[in-house]
Protein chains: 2
Amino acid sequence: MTAMLQGERFHVTYRVASSAQNIMPIASALCLEETVEFPADILPDSVEPGIVGSVESAKAIDDNHWEVTISYAHEVTGGELPQMLNVVFGNISLWPGIRVQRLALSPSLAATFGGPRFGEQGLRQRLGVWDRALLATAIKPMGRSAKELATIAGQCAEGGIDLIKDDHGLANQSFAPWRDRIHRCADAVAQANAKTGGKSLYLPNITGPWETMQERAAIAQATGAGGLLIAPGLTGFDAMRHLAQDRSIDLPIMAHPTFLGSYVLNPEQGISPYALLGQLMRVAGADAVIYPNYGGRFAFTREQCLEIVQGLTDPLQGLASSLPTPGGGMTIARVPEMVATYGHAAILLIGGDLFRGSDSLVAKSQRFREQVTKASA
Amino acid sequence: MTAMLQGERFHVTYRVASSAQNIMPIASALCLEETVEFPADILPDSVEPGIVGSVESAKAIDDNHWEVTISYAHEVTGGELPQMLNVVFGNISLWPGIRVQRLALSPSLAATFGGPRFGEQGLRQRLGVWDRALLATAIKPMGRSAKELATIAGQCAEGGIDLIKDDHGLANQSFAPWRDRIHRCADAVAQANAKTGGKSLYLPNITGPWETMQERAAIAQATGAGGLLIAPGLTGFDAMRHLAQDRSIDLPIMAHPTFLGSYVLNPEQGISPYALLGQLMRVAGADAVIYPNYGGRFAFTREQCLEIVQGLTDPLQGLASSLPTPGGGMTIARVPEMVATYGHAAILLIGGDLFRGSDSLVAKSQRFREQVTKASA
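Only a predicted model underlies this, so the values are computations on that prediction, with no experimental measurement involved.

Caption draft 1: View of the packing of helix α6 (residues 178-196) of chain B against helix α7 (residues 213-223) of chain B. All names here are of chain B. Relative orientation of the contacting elements α6 and α7 amounts to 25 degrees, with a least axis distance of 9 Å. Taken together, the axes of α6 and α7 lie roughly parallel to each other. For the pair α6 and α7, the sense of crossing is right-handed. Between α6, through W178, R179, I182, H183 and A186, and α7, the contact on the second element is made entirely by E215, R216, I219, A220 and T223. Residues that form the contact of α6 with α7 fall into these classes: 5 nonpolar, 2 polar and 3 charged.

Caption draft 2: Up close: the relation of the copies chain A and chain B. Under the fitted operation, chain A is carried onto chain B by 0.0 Å of movement along the axis and a turn of 180 degrees, and the coordinates agree to an RMSD of 0.0 Å. Such values leave the two copies arranged in the relation of a two-fold axis. Using C-alpha coordinates, one finds that chain A approaches the rotation axis most closely at G236 of chain A, a distance of 2.2 Å. Of the interface residues in chain A, 100% have counterparts in chain B that sit at the interface too, so the contact is made through matching surfaces.

Caption draft 3: Main features of unusual backbone geometry. Look at the link from K140 of chain A to P141 of chain A: it is a cis peptide, with omega at -5 degrees. Here P141 of chain A is to be found in the loop between β5 (134-139) and α5 (146-158). We note that Q317 of chain A has phi near 50 degrees; this positive angle belongs to a residue other than glycine. The residue F259 of chain B is not glycine, and still its phi comes out positive at about 75 degrees. Structurally, F259 of chain B can be placed in the loop between β9 (253-255) and α10 (261-265). Residue F259 of chain B is classed as buried on the basis of its relative accessible area of 2%.

Caption draft 4: How the structure looks around the sheet that holds strand β3 (residues 65-73) of chain A. All names here are of chain A. A sheet is described by the order of its strands in space; here 5 strands give the open sequence β2-β3-β1-β4-β10, paired in mixed fashion. Only two strands of the sheet have a single neighbouring strand rather than two, namely β2 (54-62) and β10 (270-271). Across 9 bridges, strand β1 (residues 9-17) lies against β3 in antiparallel orientation. If you follow A17 over to β3, its bridge partner there is H65. Where helix α1 (residues 23-33) meets the sheet, it contacts β1, β2, β3 and β4 (98-104), and its direction lies at approximately 30 degrees from that of β3.

Caption draft 5: Expanded view of the side chain of S376 of chain A. Residues and elements named next belong to chain A. Tracing the chain through its elements places S376 in helix α14 (residues 361-376). Looking at S376, its side chain comes within polar contact range of the main-chain nitrogen of A133, at 3.2 Å. Non-local contacts of S376, meaning those with residues more than four positions away in its chain, are made with D131, R132, A133, V339 and H344.

Caption draft 6: Fine view of the confidence of the model for chain A. Looking at chain A as a whole, its pLDDT mean stands at 96, while 99% of the residues score no less than 70. If you check the scores for this complex, the pTM reads 0.98 and the ipTM reads 0.97.

Caption draft 7: Examining the side chain of E80 of chain A more closely. Mapped onto the elements of the fold, E80 of chain A is located in the loop between β3 and α2 (81-89). A polar side-chain atom of E80 of chain A sits 2.6 Å from a polar atom in the side chain of R216 of chain B. Not counting the four nearest positions on each side in its chain, E80 of chain A is found in contact with F113 of chain A together with A171, N172, T207, G208, P209 and R216 of chain B.

Caption draft 8: Broad picture of helix α6 (residues 178-196) of chain A. Residues and elements named next belong to chain A. Over its 19 residues, α6 extends 27 Å from the first C-alpha to the last, a length consistent with the 27 Å expected when each residue adds 1.5 Å. The secondary structure elements touched by the buried residues of α6 are β5, α5, β6 (163-166), β7 (201-203) and α7 (213-223). G197 occupies a position one or two residues after α6 and carries a positive phi of about 80 degrees.

Caption draft 9: The pairing of strand β12 (residues 323-327) of chain B, seen in detail. All names here are of chain B. Burial analysis of β12 places 5 of its 5 residues in the buried class, the great majority of the element. Here β12 shows no split at all, with L323, T325 and G327 on one side and P324 and P326 on the other all buried. Inspection of the sheet shows strand β11 (residues 288-292) paired to β12 by 5 bridges, in the parallel sense. Within the sheet, the bridge partner assigned to V289 lies in β12 and is P324. Handedness of the β11-helix α12 (residues 302-313)-β12 crossover: right-handed.

Caption draft 10: Structural detail: the packing of α5 of chain A against α14 of chain A. Residues and elements named next belong to chain A. The N-to-C vectors of α5 and α14 enclose an angle of 40 degrees; their axes lie 7 Å apart at closest approach. In this view, α5 runs oblique relative to α14, as classed from their interaxial angle. Relative to α14, the crossing made by α5 is right-handed. Contact residues: α5 offers I152, Q155, C156 and E158, while α14 offers L361, V362 and S365. Classifying every residue of the contact of α5 with α14 by side-chain character gives 4 nonpolar, 2 polar and 1 charged.

Caption draft 11: Structural detail: the interface of chain A and chain B. Between chain A and chain B, the residue contacts involve 82 residues of the former and 82 residues of the latter. Approximately 7400 Å² of surface area, both sides summed, lies buried where chain A meets chain B, with 60% of it carried by carbon and sulfur atoms. When the buried surface of chain A facing chain B is broken down by residue, L94, W210 and F259 of chain A rank first, second and third, together holding 13% of it. Put simply, chain A and chain B have 10 salt bridges between them. Between R297 of chain A and E37 of chain B there is a salt bridge; the shortest N-O distance is 3.4 Å. When residues of the side of chain A that touches chain B are traced back to their parent elements, those giving at least two are α2, α7, α8 (232-235), α9 (237-245), α10 (261-265) and β10 of chain A. Here the side of chain A that touches chain B gets 5 residues from one element, more than from any other, and that element is α2 of chain A. Classifying every residue of the side of chain A that touches chain B by side-chain character gives 37 nonpolar, 30 polar and 15 charged.

Caption draft 12: Expanded view of the pairing of strand β6 (residues 163-166) of chain B. Residues and elements named next belong to chain B. As judged from the 4 bridges shared by strand β5 (residues 134-139) and β6, these two strands associate in the parallel manner. Each residue of the ladder has a partner; that of T137, found in β6, is I164. Relative to strand β7 (residues 201-203), β6 is paired through 3 bridges, and the arrangement is parallel. Directly across from L163, in β7, lies its bridge partner L201. Between the parallel elements β6 and β7, the chain passes through α6 in a crossover that is right-handed.

Caption draft 13: Looking closely at the packing of aromatic side chains. Taken as a whole and assessed by the stated rule, the structure comprises 12 aromatic pairs over all chains. Judged by centre distance (5.6 Å) and plane angle (35 degrees), the rings of F10 of chain A and Y72 of chain A are tilted. Pair noted here: F10 of chain A is in strand β1 and Y72 of chain A is in strand β3, with a separation of 62 residues, a long-range link. Looking at F10 of chain A, the relative accessible area reads 2%, which means it is buried. Exposure remark for Y72 of chain A: the relative accessible area of 0% places this residue in the buried category. Centroid distance F355 of chain A to F38 of chain B: 5.2 Å. Interplanar angle 65 degrees. Geometry classified as edge-to-face. Note that F355 of chain A is positioned in the loop between β13 (347-349) and α14 and F38 of chain B in the loop between α1 (23-33) and β2 (54-62), a pairing that runs across two chains. A relative accessible area of 16% means that F355 of chain A is categorised as buried. Through a chain of ring-to-ring contacts, the aromatic side chains of F89, F259 and Y263 of chain A together with F89, F259 and Y263 of chain B assemble into a single cluster. The ring centre of Y294 of chain A lies 5.2 Å from the NZ or CZ of R334 of chain A, which sits over that ring.

What counts as what
Residues numbered from 1 in each chain as written. Chains lettered and ligands numbered in written order. Predicted model: local features only at pLDDT ≥ 70, side-chain atom pairs only at ≥ 80, totals over all residues. Heavy atoms only, no water. Axes fitted to C-alpha atoms, helices over the stretch in contact; angles between N-to-C directions. Helix = DSSP H or I, 4+ residues; strand = E, 2+ residues; numbered from the N terminus. Parallel < 35°, antiparallel > 145°, perpendicular 65-115°, else oblique. Left-handed = near helix turned anticlockwise from the far one by under 90°. Contact = heavy atoms within 4.5 Å. Nonpolar A, V, L, I, M, F, W, Y, C, P; charged D, E, K, R; others polar. Least-squares fit on C-alpha atoms with pLDDT ≥ 70 in both. Buried < 20%, exposed > 50% of the residue type's maximum accessible area, 1.4 Å probe, protein only. Pairing = 2+ DSSP bridges. Polar contact = N/O pair within 3.5 Å; in protein donor to acceptor, adjacent residues only side chain to side chain. pLDDT = per-residue confidence, 0-100. Expected span 1.5 Å × (residues − 1). Right-handed = clockwise from strand over helix to strand, strands pointing away. Buried area = accessible area lost by both parts, 1.4 Å probe. Salt bridge = Lys/Arg side-chain N within 4 Å of Asp/Glu carboxyl O. Phe/Tyr/Trp six-rings, centres within 6.5 Å; stacked < 30°, edge-to-face > 60°. Lys NZ or Arg CZ within 6 Å of the ring centre and 35° of its normal.

Following this line, the structure appears as structure tokens:
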């Protein structure tokens, strides 16, 4: 006999496509599939019943959809994030009609994974900015040399942009090899800061081969980077969690949603923007989370964007909030509207638009900053 | 000027929901989004035009869908798998109506990532089995002690099952801590092999926290495990690629599809079973790939299953084939049909059904083996 369950459970609320007749059989099958993956009628006595997921509530949303909340024993995760994801949406990710709506972590799980180490307050402290929304841009495009990208980074910093990140497609390409780019860009931002008295941060992209990430994070820090950009869809969420919890690394983390779209785009299946780009990004340690703002190059609605903001900021067992970072085809002209929508607790990300027109990049960055300051007043 | 493109390109074929009028603007936008992420009209001169994805062909599938093949310069990947995934289906994973149908790797990319190190032939060599389909099972359920699970593993080996894997939900839970389980199970399988003269392999699940995987793989090998089970949806595909290429580890890899369902279940968006569970699993080094067989607990059709088989075995720049491993609610009664469908070049995975009925696990395993041998004759 094992008898090890302590009684602490976490909850997952699913939206399930089902008739009234089928919902309980489906919910019960889900409870088994995500835990013991074993027929209920032949479960051995040595397996405590509490190991199996338990249906806590089920209510009809409409004739064909139900909201079902299932609780799982804390112990089935083993305190490991990959296994928690596996319990929340593992094999059932291969079932049609199941969508994760939201999580309610247990206190122990929240403490185990840790969440954002910096959060909004920690990031603002590094930047020394308290009274307005924050600004971000991406150095781009891929294909430019490290020297050119560093010049761009320096100009953006000189213009007063708070967070200057690598475009998430900048990896270790021959046109701008990773180490060379990080050194040059960090130097350029440091020089601009020295000139302006500002505290702009450079965030290199450390999304890369499994065996490089720890080293790249350490190099980034040693080189003077002010944060890290990572795409958990490419690296796995736990790579980010690891870097957020690694005490040898003392840098805020910005997360990018690339490769994750298929989870959120199908309203009948997958994981809600609230749970995936909000809660799970935050649980896994993102201090700031990029997502496609409504009205840009992507298909997210305003409601979906605000849902993500809620996932990043709603009470979550004491975890720090993450900063919403709407981007994806944003323009300086839209700054007043974005500030009206998101308030101060957001990072406005504008990339390509800064490169348009005859003004210099420094001038465009300054204009971006002025607009944000004005709209935040 | 950078001028570094060598001319080698790889191809991705997408299914795009579009009218005839919009298809070329959408395809062109996709080419930009997945590479430079920058407006075409202001691309700097220093960026070689070949950096941008290029539409190679577009043909109508029906009134509202097109098949579009886009080529990308080898160099945009930087020779890194996460960045290749980012190019293939990065930001556009956040667009509705785009589905990756198949990849055509370039020779250099295939050589860089390596694919399966063992493949069917290598795995058969380890097992000494040449004349029939292979057998696999999972030790389960979660909640049993390491000792109980080891007893099960030993009995399955004694009954002649080739590959005995951890259930993918077995992580490092308190009921069966990882190290203890791996030691006990590897020992039990070795003892059974000594008794029967067989060569059954035990495959522990090494899906786990980022910082544990390398160590767990090394421990598994030192302990006498015969392979590794990993879930790239949880760890990122590159963790598997790393382990497949790490010369200090000499173990075949079996991949599990948990957490990946949302990519394949929406016919209008995502990644096809052929490309995701076939090609990408194989490129990333899986020697065997588990997927939900038709007619079990999951919703895959026979056609989708055969599509996956093709992705695992179609010519792919000289990469070894991976072994299809259909499972998910399979029974011994279905063995003849499964062998008829898949032939010898497959691993038949039966879990829960072995535990049904009054016969011993050894007897059920023997019966499974007899059925496969008979059906393969």
